[in-house]
Amino acid sequence: EVTAGHTFYMEELGVAAGDAVAYYARAADNDSGGGKQATSDMYFLRIRPFGKDFKPATSMAGGGGGGGGGGAEVGALSEAQRQIIAATFNTVREKRTLSAEKLRESSVVLALSQGRLREQVEGLVSRMNSRLVAPDPSFQKIAEVLPLAVEEMKAAETKLQQRSPDGALPSEQKALQYLQQAEEEYETQVQTRNQS
């Protein structure tokens with residue numbers, strides 16, 4: 001049994017608030033019967049700012065107090081995307097031991113999950129656009145970032161439908177990055193509004 005530790009220095013990775021860092025550990029032995037490898041599950045770090053500067057917002061999304069529930073929804077979307085990434089990673093990790101049928105089943109389930117999540121994000125974008133008669137500049141960044149997440153999800157779905165979970169991972173991770181940027185921006189806007 002071996003125990004090891006590692007410190008990730010985020011400042012050396014050039015990350016920004018709203019980014020995600022996914023990581024896993026791989027261990028290999030060198031016994032006489034031939035080396036074996038094991039890979040851990042995937043874990044995520046969400047990059048958050050040390051402090052935030054807030055500015056007054058011009059209006060509430062959807063009028064009165066309509067913007068309050070969106071943050072929980074965006075947060076749930078990013079959590080669902082993390083789960084899809086973890087499941088895809090596990091499929092890639094176990095790809096060599098899976099039968100062709102199990103790989104197909106796993107890819108189909110992942111593609112369906114990614115498709116449902118994409119539809120939820122498209123629904124959120126649609127609701128945001130329908131609530132905003134005159135677009136609220138405070139939510140402009142969210143309105144720009146969520147469609148980018150949708151495009152990455154579509155690319156991931158395509159790769160998963162082609163039974164290429166390893167090809168889907170980069171798009172899944174990029175979609176997560178966009179979802180977390182939207183979540184970070186939403187939290188900034190809600191906290192700004194609550195302070196005014």
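Bear in mind that the values here come from a model prediction, so they are computed numbers and not experimental data.

(A) Focus on the packing of aromatic side chains. Under the criterion given, the structure shown has three aromatic pairs. Ring geometry for Phe8 versus Tyr23: centroids 4.9 Å apart, planes at 50°, classification tilted. Of the two residues, Phe8 sits in the segment before strand 1 (20-23) while Tyr23 sits in strand 1, which places them 15 residues apart along the sequence. Here Tyr24 and Phe89 contribute two aromatic rings whose centre-to-centre distance is 4.6 Å and whose plane-to-plane angle is 45°, an arrangement assigned as tilted. Taken together, the residues span a long stretch of sequence, with Tyr24 in the loop between strand 1 and strand 2 (26-28) and Phe89 in helix 1 (residues 70-93) at a distance of 65 residues.

(B) Structural detail: helix 3 (residues 140-161). With 22 residues, helix 3 extends 33 Å between its outermost C-alpha atoms, agreeing within 8% with the 32 Å of an ideal straight helix rising 1.5 Å per residue. Residue Arg163 follows helix 3 closely and has a positive phi angle near 60°.

(C) Structural context of the environment of Leu160. Assignment of secondary structure puts Leu160 in helix 3. For the pair formed by Leu160 and Arg104, sequence separation is 56 residues and the distance between their alpha carbons is 9.1 Å. Dropping the residues within four chain positions of it, Leu160 is found in contact with Thr88, Ser107, Leu110, Ala111, Gln114, Pro165, Ala168 and Glu172.

(D) Molecular detail of the layout of surface pockets. Its volume calculated, the largest pocket comes out at about 260 Å³. What lines the largest pocket is Tyr24, Arg26, Gln37, Ala38, Thr39, Phe89, Val92, Arg93, Arg96, Thr97 and Leu169. Only strand 3 (37-39) and helix 1 provide two or more residues apiece to the lining of the largest pocket.

(E) Focus on the nonpolar core. In this structure, Val121, Ile142, Leu146 and Leu179 are the most contacted members of the largest nonpolar core, which totals 20 residues. Where this core is concerned, the elements lending two or more residues are helix 1, helix 2 (100-131), helix 3 and helix 4 (165-195). Tallying contributions element by element places helix 3 first for this core, with six residues.

(F) Seen up close, the pattern of salt bridges. Under the defined criterion, the tally for this structure stands at nine salt bridges. With a closest N to O distance of 3.5 Å, Asp166 and Lys95 form a salt bridge. Remark: Lys95 occurs in the loop between helix 1 and helix 2 and Asp166 occurs in helix 4; sequence separation between them is 71 residues. Take Asp166: its relative accessible area is 40%, and that puts it in the partly exposed class. Glu157 is the partner of Arg118 in a salt bridge, and the nearest nitrogen-oxygen pair spans 2.4 Å. Of this pair, Arg118 sits in helix 2 while Glu157 sits in helix 3, and the two are 39 residues apart along the sequence. When sorted by exposure, Arg118 lands in the same class as Glu157, which is buried.

(G) Examining the confidence of the model for the protein more closely. Per-residue confidence for the protein gives a mean pLDDT of 81; residues scoring 70 or more make up 81%. Highest mean pLDDT in the protein belongs to helix 3 (93); lowest belongs to strand 4 (residues 43-46) (81). Across residues 57-69, where pLDDT falls below 50, the model places 25 contacts with residues more than four positions away in sequence or in other chains.

(H) Geometry of unusual backbone geometry. If you check the backbone angles, Arg163 has positive phi at about 60° while not being a glycine. For Arg163, the position within the fold is in the loop between helix 3 and helix 4.

(I) Representation of the environment of Lys154. Within the fold, Lys154 resides in helix 3. Lys154 gets classed as partly exposed once you look at its relative accessible area, which sits at 35%. The spatial distance from the C-alpha of Lys154 to the C-alpha of Gln114 is 8.1 Å, given a sequence separation of 40 residues. In contact with Lys154, other than residues within four places in its own chain, are Arg118 and Glu122.

Calculation criteria
Residues numbered from 1 in each chain as written. Predicted model: local features only at pLDDT ≥ 70, side-chain atom pairs only at ≥ 80, totals over all residues. Heavy atoms only, no water. Phe/Tyr/Trp six-rings, centres within 6.5 Å; stacked < 30°, edge-to-face > 60°. Helix = DSSP H or I, 4+ residues; strand = E, 2+ residues; numbered from the N terminus. Expected span 1.5 Å × (residues − 1). Contact = heavy atoms within 4.5 Å. 1 Å grid on protein atoms, 1.4 Å probe; cavity = no way out; pocket = protein on both sides within 12 Å on 5 of 7 lines; lining within 4 Å. Points joined across faces, edges and corners; volume = space filled by probe spheres on them. Core = buried A, V, L, I, M, F, W, Y, C linked by side-chain atoms within 4.5 Å. Buried < 20%, exposed > 50% of the residue type's maximum accessible area, 1.4 Å probe, protein only. Salt bridge = Lys/Arg side-chain N within 4 Å of Asp/Glu carboxyl O. pLDDT = per-residue confidence, 0-100.

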